[in-house]
Amino acid sequence: MNRWLRRLVLNIAGFGMLAALILTGGCARSTDKTLYIFNWTYYTPDSVIQKFEKEYGVKVVYDTFASNEEMFAKLKAGGSSYDITFPSGDYVSIMKKENMLEKIDRSKLKNFANIDPEVLKLCDFDPGNEYSVPYYLGAAGVAVNTTKVQNYEKSWSIFERKDLANRMIMLDDMREVMGDALKYLGYSVNTTDQAQIDQARDLINNVWKPNLLKFDAEAFAKSFAAGEVWVAQGYAESIFAEVDKSRWGEVDFFIPKEGGPSYLDSMVILKNAKHKDLAYLFIDFIHRPEIYAEFCDYFGFPSTVNVPARALKKGEMWYRPEDLTACELKKDVGADLEKYNAAWQVIRVGK
Amino acid sequence: MKQRAGFLYTLPQILWLLVFFLAPLCIIIAYSFLKKGLYGGVEPQFSLEAYQAMANPSILMVAWRTLRISVIATILTILIALPCGYSIARSSNQAIRLFLVIVPFWTNFLVRIYAWIAILGNEGFINDIIRWVAPGSAGIQFLYNQWAVVLVLVYMYLPYAILPLFSTIDKFDFTLLDAARDLGATRFQSYTRVLLPNIRSGLVTAGLFTFVPIFGAYAVPLLIGGKDSYMLGNIIADQLTKTRNWPLASAISMTVTLSTTILVFLVALRKPKEQKWVFDADPSAAMSAAGGR
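A quick note: this is a predicted structure, and the numbers were derived from the prediction, not measured.

Caption draft 1: Main features of helix 3 (residues 57-90) of chain B. Counted at 1.5 Å a residue, the expected span for helix 3 of chain B with its 34 residues is 50 Å, and the 49 Å between its end C-alpha atoms agrees. The backbone nitrogen of Ser 58 of chain B has a side-chain oxygen 2.8 Å away, supplied by the residue at the start of helix 3 of chain B, namely Asn 56 of chain B.

Caption draft 2: Representation of the interface of chain A and chain B in the model. Taken together, the contact between chain A and chain B spans 45 residues of the former and 43 residues of the latter. Buried surface at the junction of chain A and chain B, summed over both partners, amounts to about 3,800 Å²; 56% is from carbon and sulfur atoms. Along the contact surface separating chain A from chain B lie three salt bridges. The closest approach of N and O atoms between Glu 338 of chain A and Lys 36 of chain B, which form a salt bridge, is 3.3 Å. Breaking the side of chain A that touches chain B down by element, the ones donating at least two residues are helix 1 (2-25), helix 3 (68-77), helix 4 (89-97), strand 7 (212-215) and helix 13 (337-349) of chain A. The leading source of residues in the side of chain A that touches chain B is helix 1 of chain A, at seven residues.

Caption draft 3: Highlighting the domain arrangement of chain A. Residues and elements named next belong to chain A. Partitioning chain A into structural domains gives domain 1 (34-137 + 264-319) and domain 2 (141-259 + 330-349). Computed from C-alpha atoms alone, the centre-to-centre distance between domain 1 and domain 2 is 26 Å. In this assembly, eleven residues from domain 1 lie in contact with 13 residues from domain 2. Across the domain 1/domain 2 interface, buried area totals approximately 1,100 Å², and carbon plus sulfur atoms make up 65% of it. It is Tyr 42, Asp 90 and Trp 318 that lose the most area in domain 1 upon contact with domain 2, and together they represent 55% of the buried surface on that side. On inspection of domain 1 and its partner domain 2, the count reaches two salt bridges. Lys 97 serves as the salt-bridge partner of Asp 332, at 3.6 Å between the closest nitrogen and oxygen.

Caption draft 4: Layout of the packing of aromatic side chains. Inspection of every chain in the model, using the stated rule, returns 43 aromatic pairs over all chains. Between Tyr 136 of chain A and Phe 295 of chain A, the aromatic rings sit 6.0 Å apart at their centres with planes inclined by 85°, giving edge-to-face as the arrangement. In this pair, Tyr 136 of chain A sits in strand 4 (residues 133-139) while Phe 295 of chain A sits in helix 11 (residues 289-299), placing the two residues 159 residues apart along the sequence. Accessibility classification places Tyr 136 of chain A together with Phe 295 of chain A in one group, the buried group. With a centroid separation of 6.3 Å and an interplanar angle of 25°, the aromatic rings of Tyr 31 of chain B and Trp 246 of chain B are classed as stacked. Pair noted here: Tyr 31 of chain B is in helix 1 (residues 2-32) and Trp 246 of chain B is in helix 13 (residues 246-269), with a separation of 215 residues, a long-range link. Residue classification places Tyr 31 of chain B among the partly exposed positions, given a relative accessible area of 28%. Under the relative-accessibility criterion, Trp 246 of chain B is labelled buried at 13%. The rings of Tyr 43, Phe 86, Tyr 135, Tyr 136, Tyr 235, Tyr 263, Tyr 292, Phe 295, Tyr 298, Phe 299 and Phe 301 of chain A are connected pair by pair, giving a single aromatic cluster. Above the plane of the ring of Tyr 340 of chain A lies Arg 175 of chain A, whose end atom (NZ or CZ) is 5.3 Å from the centre.

Reading the values: the criteria
Residues numbered from 1 in each chain as written. Chains lettered and ligands numbered in written order. Predicted model: local features only at pLDDT ≥ 70, side-chain atom pairs only at ≥ 80, totals over all residues. Heavy atoms only, no water. Helix = DSSP H or I, 4+ residues; strand = E, 2+ residues; numbered from the N terminus. Expected span 1.5 Å × (residues − 1). Polar contact = N/O pair within 3.5 Å; in protein donor to acceptor, adjacent residues only side chain to side chain. Contact = heavy atoms within 4.5 Å. Buried area = accessible area lost by both parts, 1.4 Å probe. Salt bridge = Lys/Arg side-chain N within 4 Å of Asp/Glu carboxyl O. Domains from an automatic or database assignment. Phe/Tyr/Trp six-rings, centres within 6.5 Å; stacked < 30°, edge-to-face > 60°. Buried < 20%, exposed > 50% of the residue type's maximum accessible area, 1.4 Å probe, protein only. Lys NZ or Arg CZ within 6 Å of the ring centre and 35° of its normal.

Listed below in structure tokens is the structure:
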């Protein structure tokens, strides 16, 4: 009896502790000197983060996501205490509509003036940039392993080449790949015309897909770096993060001449952010010309957004700003996304 | 008094299951019957759209493919695990052999998947040898198809089948095999007609332990599979993270959970039959017999 009672007490005590842990666990990690960043994989160099931490004597927690949808789903699910995130244009408008963003106080951002007015004109997803600060304008392109493939045209038609069958890969990203096909056919990447979407679907499904090894948004850069594939549609920063620096000369990265969907990613402060002051400091820090140049150099990006940084850039660029002129910004297509979903499902399910 | 104490002891376990299993399951059920939000999430409005969308031929095709891959992989796993379990049970250094089966578990499963790419990839170890033997050949593409997915799934879940098979075979009275031979059975017959019926519970456990996780596989088809290897696990993830259709993801999850649960129940229910011919080798039965104070 006595033993029984003791065990019972112990059980209850143990359980109480567990419950306390669950209840307090959620808020235990917030500290005033820590900035929580939720960013794309490979998007802000560690050196920039370290400089920011050092200059302001703060700590940065940097978590990553692989797609806008993933970022949005995680933030919507509410289990996060992030301060800044980096949505693409379509998601800025979605998050704005969903009332998830903090209005930007421009007076706290003296480096906002460094942003190219031409880029600001593109921000019709957030007119007047009330809620977002442009981070980077770019586009996915095609990386070619030139030790294996020498003669090729800088066009999406490279995916029609049967001699490269099973050595080519495209992103498992509906809007990107559909956008490439739509541009190749001469349509808008934001079309909602069913006939045009069907035509793009058939082009991918019947002409491109038979030559592809697979659709892959997670490991495409690793596959390319390991030589599993010779032609990869994807993001330059992912490709060059995986390919060893000594072999960069073997890689040709180009934006196909037909253009494709481009993206304009912005920095936004989340409405429930606990460290808004740090968030402002960080955004302003990024747009310092020397810091922005360091960011671009690290990834081989052209300085598409920050004007004074262009003169400070030293490194190689994988593509030039003018390569983006044929590209078109991806926009939120709202409920018409179902048309894309249906087309993509046909492509992905396969035989 | 004693009765009530027993209940109290199981209380933490019951609460654990309620909070971390039943409650999330209820959320999934609820979500599957709601209208999908335009940008992910759900609208608080009853809808059967998700279940109607599941009847889509492409989803049914993926379900059929998933079932086929799971059945083939499970059968192959058991066929390989059976002799393994048998040899471990009969060996004199069981501990070392069991240890060797468990060691791969210490490595992260993603690393083990990438190891297969390093071995069988287009630029992998085997293809290096092929190109060395036959210079100028393009090599063989082993990966990025359904058979590669089956191969790696069998590899991943083999220990889950070996361990329960070992534990039942270990309890098997091997003199019964000699008795069968004395009574005129061939060596093969002694295995099929005496050993197999007696280790049935181990076979069932091994089958469930491999089939159920394989049916929900996600990472292996994603990394090892190609254009033809899209499975239910991948559809669920994509509906949630890419196409923003949470109710559909929930409905598919529900159907998968429900059908595997029904499968487990069916298997559990039909066990008592023929039991009188079988010398009880069920570890759980043995345990409860020993544990009843």
